[in-house]
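Breakdown of the fold
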Amino acid sequence: MDSAPLSVPTPTGRLVGQPLLYAISVFASLGVFLFGYDQGVMSGIITGPRFLKYFNDPSALEVGTMVAVLEIGAFVTSVAAGRIGDILGRRGTLFSGAVIFAVGGAIQTFTNGFTIMVVGRIVAGFGVGLLSTIVPIYQSEISPPNHRGALACMEFSVNVFGYASSVWIDYFCSFIESDNSWRIPLAVQCIIGALLAVGSLLIPESPRWLIDNDRDAEGMRVIADLHGGNEEDVVAVAEFQEIKDRVMWERESGEERSYASMWKKYKRRVLLAMSSQAFAQLNGINVISYYAPRVFEAAGWIGRDAILMTGINAIIYVLSTLPPWYLVDRWGRRLILLSGAIVMGVALAMTGWWMYIDIPQTPQAVVVCVIIFNAAFGYSWGPLPWLYPPEIMPLTVRAKGVSLSTATNWAFNFLVGEMTPFLQEVIEWRLYPMHGFFCACSFVVVYFLYPETMGVPLEEMDAVFGEEEEQERLEDEESEQASLVSRQSRRTRQPFKPASNNFLSRLTGGSSRAQYQPIQDGEE
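Our subject in this report is the structure included herewith. (Residues numbered from 1 in each chain as written. Predicted model: local features only at pLDDT ≥ 70, side-chain atom pairs only at ≥ 80, totals over all residues. Heavy atoms only, no water.)

1. Topic: the overall build of the protein chain
Heads up, the rule is: Strands are runs of DSSP state E lasting at least two residues, helices are runs of H or I lasting at least four, and both sets are numbered from the N terminus onward. Relative accessible area decides the class of each residue, using a 1.4 Å probe on protein chains only: under 20% of the type maximum gives buried, over 50% gives exposed, and in between gives partly exposed. Note on contacts: a residue pair is in contact if any heavy atoms of the two residues lie within 4.5 Å. Surface accessibility follows the Shrake-Rupley procedure with a 1.4 Å probe radius. Residue values consider only the protein chains on display as shielding.
Of the regular secondary structure elements, the protein chain holds 23 helices and 0 strands. Sorting the 524 residues of the protein chain into buried and exposed places 57% on the buried side. Sequence separation of at least 24 residues holds for 82% of the intrachain contacts in the protein chain that already meet a minimum separation of 6. Summed over its atoms, the accessible surface of the protein chain is roughly 20800 Å², and 66% of this surface lies on carbon and sulfur atoms.

2. Topic: the pattern of salt bridges
Threshold: Salt bridges, as used here, are contacts in which a Lys or Arg side-chain nitrogen is within 4 Å of a carboxyl oxygen on Asp or Glu.
Tallied over the full model, the rule gives 14 salt bridges. Here Glu218 and Arg215 are joined by a salt bridge, their closest N and O atoms 2.9 Å apart. On the accessibility criterion, Glu218 (30% relative accessible area) is partly exposed. A salt bridge links Asp216 to Lys244, with the shortest nitrogen-to-oxygen separation between them at 3.1 Å. Here Lys244 lies in helix H10 (residues 234-252) and Asp216 lies in helix H9 (residues 216-226), a separation of 28 residues in the sequence. Classification of Asp216 as buried rests on a relative accessible area of 12%. One network of salt bridges, with partners in common, ties together Asp86, Arg90, Glu141, Arg398 and Lys400.

3. Looking at unusual backbone geometry
Glycine aside, residues mostly have negative phi, and peptide bonds are mostly found in the trans state. Its identity is not glycine, yet Asp57 carries a phi of approximately 45 degrees, on the positive side. Tracing the chain through its elements places Asp57 in the loop between helix H2 (49-54) and helix H3 (60-68).

4. Points about empty space enclosed by the protein
Our working definition: Only protein atoms enter the 1 Å grid used here, on which a cavity is any set of points holding a 1.4 Å probe that cannot leave and a pocket is any open set flanked by protein within 12 Å on both sides along at least five of seven lines; residues with an atom within 4 Å of a point are listed as lining. Grid points are joined across faces, edges and corners, and a volume is the space filled by probe spheres set on the points. For this classification, Asp, Glu, Lys and Arg are treated as charged, while Ala, Val, Leu, Ile, Met, Phe, Trp, Tyr, Cys and Pro are nonpolar and the rest, including Gly, are polar.
Overall, the coordinates contain 5 cavities of 30 Å³ or more when judged by the stated rule. Among the elements of the structure, helix H1 (17-45), helix H5 (114-142), helix H6 (148-173) and helix H19 (384-392) are those that each provide at least two residues to the lining of the largest cavity. Residue contributions to the lining of the largest cavity peak at 5 residues, all from H6. Classifying every residue of the lining of the largest cavity gives 8 nonpolar, 4 polar and 2 charged. The volume enclosed by the second largest cavity comes to roughly 110 Å³.

5. Topic: the packing of aromatic side chains
Rules: Geometry of aromatic contacts follows a simple scheme: Phe, Tyr and Trp rings, the Trp one being its six-membered ring, pair when their centres are within 6.5 Å, and the pair is stacked under 30 degrees between planes, edge-to-face over 60, tilted otherwise. Lysine and arginine charges are scored as sitting over a ring when NZ or CZ, respectively, is within 6 Å of the ring centre and within 35 degrees of the ring normal.
Inspection of the entire model under this criterion finds 23 aromatic pairs. Consider the rings of Tyr356 and Trp429, whose centres lie 4.8 Å apart with planes at 50 degrees: the pair is tilted. Taken together, the positions of Tyr356 in helix H17 (residues 333-357) and Trp429 in the loop between helix H20 (398-426) and helix H21 (431-449) put the pair 73 residues apart, joining distant regions of the chain. Trp429 gets classed as partly exposed once you look at its relative accessible area, which sits at 24%. Among the aromatic residues, those joined into a ring-pair cluster are Phe51, Tyr54, Phe55 and Trp182. The ring of Tyr54 is capped by Arg183, whose NZ or CZ atom sits 5.2 Å from the centre of that ring.

6. Details of a nonpolar patch on the surface
Going by this rule: For patch building, the residue pool is restricted to those with more than 30% relative accessible area and no salt bridge; the joining distance is 9 Å between like charges and 5 Å between nonpolar side chains (Val, Leu, Ile, Met, Phe, Trp, Tyr).
A cluster of nonpolar side chains, contributed by Ile342, Val343, Val346, Met350, Trp353, Tyr356, Val368 and Ile372, occupies part of the molecular surface with about 740 Å² of accessible area. Those elements that place two or more of their residues in the nonpolar patch are H17 and helix H18 (362-379). The element best represented in the nonpolar patch is H17, accounting for 6 residues.

7. Examining the environment of Ala60
For Ala60, the position within the fold is in helix H3. When the C-alpha atoms of Ala60 and Pro421 are compared, they prove to be 5.5 Å apart, with 361 residues separating the residues in sequence. The contact partners of Ala60, leaving out residues within four places of it in the chain, are Pro421 and Glu425.

8. What to know about the environment of Gly311
Among the structural elements, Gly311 can be located in helix H15 (residues 304-320). For the pair Gly311 and Asp170, spaced 141 residues apart in the sequence, the C-alpha separation amounts to 9.2 Å. If we ignore the near neighbours within four places in the chain, the residues touching Gly311 are Val167 and Trp168.

9. Some remarks on H5
Defined as follows: Every helix has an expected span of 1.5 Å times one less than the residues it contains.
For H5, spanning 29 residues, the distance from its first C-alpha to its last is 42 Å, which sits close to the expected 42 Å at 1.5 Å a residue. Within H5, 23 of the 29 residues are buried, which leaves it mostly tucked inside the rest of the structure.

So, in structure tokens, the structure goes:
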């Protein structure tokens, strides 16, 4: 069923084209800025003397709980965010998450003890869970295929900038000789949350969500604006038609949108999406993000110097997220993930080794190893697990699939955050090569199981997994039984050819799986 786009008057004096796309990305990125800020803000204040005195020298378990309990709230809402995102829309979910996060930040700022702090962290977690789920979905749905990876990596750079900002705010506030030394960094969360809430009211809704909810005129207007503002632009009309065709095909096929049907039909995609987020945490980043000052203290840097080293590390961490802006849509997803896993694993192993031998050079050597680890993560396993899940999930279950992958992130986030202070005391230096082992595991999983998605339109992702080819084969068989003539499918793709099974082929995306070939002009 074809549906022509409805004409809507185009008002003047507003952003269109690339300026609109980048403006949307900036506002949406405030959501991941909040996530990054919240990751780092606790790392600095939990080692401050004023904080420790106010909370009566909390035990390692209490510190771990205050830090990691946010992930419980984030886990709950990230599971629900799939349904919420389909009901409220992407923009409405952004607004809700920002408001909830600001409320949680206010509770933390004015806490009067351990219990209220935990409550504030959980409430803030509810907001983070919504934001961390919906921002990648929203970004992927408004981004053109050839820039989708770069824009997602830019978002992660903002996330890390949030982390770095919190570390330096912690450092400068550590000179305040009162409880404001830790209350002010927590209060900043409220300001950023309010800015995001206002910004979410100014950006357009996802065109894919609008079309999926029969708001074709609004969807066409957003697509046209993203392509320069002309609703008769050939590319804009073609994109609208492709999305509309996909929506109608999914409805006519009777495809259910439940979690159960998603698991039954797209189990492989769901598992890949979940694994990417699980390894992002198991590879050890939150040992550094949440507890970097404690890591540096264990290596010999004491007090404020540990926070200063964390701040220097954070600056390099931010810089490391810039190369993927250029590389992700040129090298592809697989090569970046594989190379990052190697460097991270080696850096973690060396961190443990320097702590084990414990010589005068250990403090400086650990700083270097941690910086290398953070830089490798910022270039690879930091941004790509947020890009990959919304890319590979189909529109009908994209919000639900991404919600499961994000919930996996928060589940493992909580596990690592809660256990790290305890493990730092019990197994000491062995903690770091343990996470290095998980880096090796992630290399193996990506090498053998992850298909390359670079440059593939979201509506054509079925071809990457061979599902569209299988569907066309079944349709042809049914037609042959009825007419003995093979009916040509609505879209004929280039033949699928098994790639050579050598190392270079696998490294750059090839395997024994069928390879995606884009539709060529004139083949419709």
